[in-house]
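Each chain is listed here by its residues.
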Amino acid sequence: MAEGGALHRQSMRFLLLYALAAAGGAIAYVPFLTLLLPARVAELGGARDIEWLGYLTFCGAVAASMGGVVFGWLSDRTQSRRAWVFAGLVSSSALLLVMPSAHNISALILIVIGWQLSLNMMLGPLAAWAGDVVPDAQKGLLGGLLAFSPALGAWSGALVTMPGLVAFDERLMAIVMLVAAAVLPALLFARPRIFPELADISPAEPSAATRPGQPAIRMWLARLLVQIAEAALFAYLYFWFRSIDPAMGDREKAGLFSLALTVAVPVALLAGRWADRNDRPFVPLAIAATITTVGLLGMALATGPGSAKAAYLVFGVATTAFLSLHAGQTLRVLPRADHRGRDLGIFNLTNTIPSLVMPWLTISLVPGFGFDALFLLLAALAAGAVLLLATMPDAPRSS
């Protein structure tokens, strides 16, 4: 590190404001997709509500996939991240507020597609902005701070469903206000230090993203494998706990989910700081993937409510820490600075593809073999992520 090392580190003020903005992204979609949208579909869809929710989820995932790549690429071309983040914030908020005007499923699907595109207009450039200004020596800390995103996303669900907020439009307005409060401070007050080396374009050579076995490919595949496990648990956790303990109430299930996300925050922060200090960016990822595998095996072997809850907490903490740290270290392995937004859009496919794969895995295994078989398969996938990351070559630091 050059003389005046503090000048070659991004300011803590920016990192905290950025982490808050990233959490705003989670606040924008977690309570809406998990609580408010299913309730609205049940109201409009009648007896076909589950079927309509499936169609809507599929269409939304496709729109999110396209939006992440397209708007990431546009922010690369215009060399402007904040303008796109602001445009996405305004348009996604406006579309949330018009959701109550959809009085049939077809209209709701169209608005949700537009909302997903607008949301990724905000999220794609926001993710690339961190790559533009956070040196490699702080990407572990960045990943640890990003662990606040899922936790705040879950806590926001409790806020927007408070007894005083009953109507659909009131709850949507609460989401809009929370998201604006989280994202706008970074856009208005963050003044990141500029590091020219982070904008360097690599000399002409085979892209790391297109050669099998290279860091970008390994990181993409590892995240996909863990995300499939996370998506399956996110969608079917309720039914698994019901099969283990029929008396377990919704409040207890939600409490376990929130506890795992909350405990993951200090775990991710400590692991990220360790990775920065020791210049071992991929070791915490391999360890977290290993613990994820252990948690899934524990869930497969659980025989009662106590062991099931303990195994889930192990899985939930490890997975949340893994995904947060992975988001920070992914910025280290992207092949070209001038394609950073587009490439992060491609990485974002690891968040949407599992939503398309996971239902088929579940339908194929659970009815005939039970949740145990599903968890064993997911453990094998997580073990694959361990192998990919444990043999990862060290990436050169940008500072």
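What comes next concerns the included structure. All values derive from a computational prediction rather than experimental measurement. (Residues numbered from 1 in each chain as written. Predicted model: local features only at pLDDT ≥ 70, side-chain atom pairs only at ≥ 80, totals over all residues. Heavy atoms only, no water.)

To continue, consider helix α6 (residues 148-160). Think of an α-helix as turning once every 3.6 residues; residues three or four places apart then point the same way. Look at α6: 18 Å from first C-alpha to last across 13 residues, which is about the 18 Å you get at 1.5 Å a residue. Turning to α6, its buried residues are Ser149, Ala151, Gly153, Ala154, Ser156, Gly157 and Val160. (Helix = DSSP H or I, 4+ residues; strand = E, 2+ residues; numbered from the N terminus. Expected span 1.5 Å × (residues − 1). Buried < 20%, exposed > 50% of the residue type's maximum accessible area, 1.4 Å probe, protein only.)

Another point: the pattern of salt bridges. Summed over the entire model, instances satisfying the criterion amount to seven salt bridges. Here Arg81 and Asp132 are joined by a salt bridge, their closest N and O atoms 2.7 Å apart. With Arg81 in the loop between α2 (49-78) and α3 (82-98) and Asp132 in helix α4 (residues 105-133), this pair connects stretches of sequence that are 51 residues apart. By relative accessible area, Arg81 is classed as buried at 10%. With relative accessibility at 22%, the residue Asp132 sits in the partly exposed group. The closest approach of N and O atoms between Arg336 and Asp338, which form a salt bridge, is 2.8 Å. Taking the relative accessible area as the measure of exposure, Arg336 reaches 27% and is therefore partly exposed. A residue is classified by how much of its surface remains accessible, and Asp338, at 26% relative accessible area, is partly exposed. The network of salt bridges with common partners includes Asp76, Arg81, Asp132 and Arg340. (Salt bridge = Lys/Arg side-chain N within 4 Å of Asp/Glu carboxyl O.)

Our next topic: the packing of helix α1 (residues 12-45) against α6. Relative orientation of the contacting elements α1 and α6 amounts to 50 degrees, with a least axis distance of 7 Å. In this view, α1 runs oblique relative to α6, as classed from their interaxial angle. Here α1 and α6 pass one another in a crossing that is right-handed. Of α6, the residues touching α1 (which contributes Ala19, Ala22, Ala23, Ala26, Ile27, Val30, Pro31 and Leu35) are Phe148, Ser149, Leu152, Gly153, Ala154, Ser156, Gly157 and Val160. When grouped by side-chain class, the residues that make up the contact of α1 with α6 number 12 nonpolar, four polar and no charged. (Axes fitted to C-alpha atoms, helices over the stretch in contact; angles between N-to-C directions. Parallel < 35°, antiparallel > 145°, perpendicular 65-115°, else oblique. Left-handed = near helix turned anticlockwise from the far one by under 90°. Contact = heavy atoms within 4.5 Å. Nonpolar A, V, L, I, M, F, W, Y, C, P; charged D, E, K, R; others polar.)

Turning our attention to the packing of aromatic side chains. Between two aromatic rings, the relevant description is the distance of the centres plus the angle of the planes. Taken as a whole, this structure holds eight aromatic pairs when the rule is applied. With a centroid separation of 6.0 Å and an interplanar angle of 25 degrees, the aromatic rings of Phe371 and Phe375 are classed as stacked. One end of the pair, Phe371, and the other, Phe375, are both in helix α12 (residues 340-390), four residues apart, so they sit about a helical turn from each other. A relative accessible area of 14% means that Phe371 is categorised as buried. Look at Phe375 and you get buried, because its relative accessible area is 2%. (Phe/Tyr/Trp six-rings, centres within 6.5 Å; stacked < 30°, edge-to-face > 60°.)

Time to look at a nonpolar patch on the surface. On the surface, a nonpolar cluster with roughly 410 Å² of combined accessible area is contributed by Phe58, Val62, Met66, Leu356 and Val357. At the level of secondary structure, the elements contributing two or more residues to the nonpolar patch comprise α2 and α12. A per-element tally of the nonpolar patch places α2 first, with three residues. Take Met66: it is sitting in helix α2. (Patch = residues over 30% accessible without salt bridge, like charges linked within 9 Å, V, L, I, M, F, W, Y side chains within 5 Å. Areas by Shrake-Rupley, 256 points an atom, 1.4 Å probe, with all protein chains shown as cover.)

With that out of the way, let us pick up the nonpolar core. By size, the foremost hydrophobic cluster in this structure holds 109 residues, and its most contacted members are Phe32, Met99, Leu296 and Tyr312. With 15 residues, the top contributor of residues to this core is α12. With residues up to four places along the chain from it excluded, the contact list for Phe32 reads Leu37, Pro38, Leu96, Met99, Trp115, Phe168, Leu172 and Ile175. (Core = buried A, V, L, I, M, F, W, Y, C linked by side-chain atoms within 4.5 Å.)

This brings us to the side chain of Thr320. With respect to the secondary-structure elements, Thr320 resides in helix α11 (residues 305-333). A polar atom in the side chain of Thr320 sits 2.8 Å from the backbone oxygen of Gly316. When near neighbours in sequence (up to four residues on either side) are disregarded, Thr320 contacts Pro150, Leu261 and Ala264. (Polar contact = N/O pair within 3.5 Å; in protein donor to acceptor, adjacent residues only side chain to side chain.)

Limitation: the analysis is restricted to geometry and does not speak to function.
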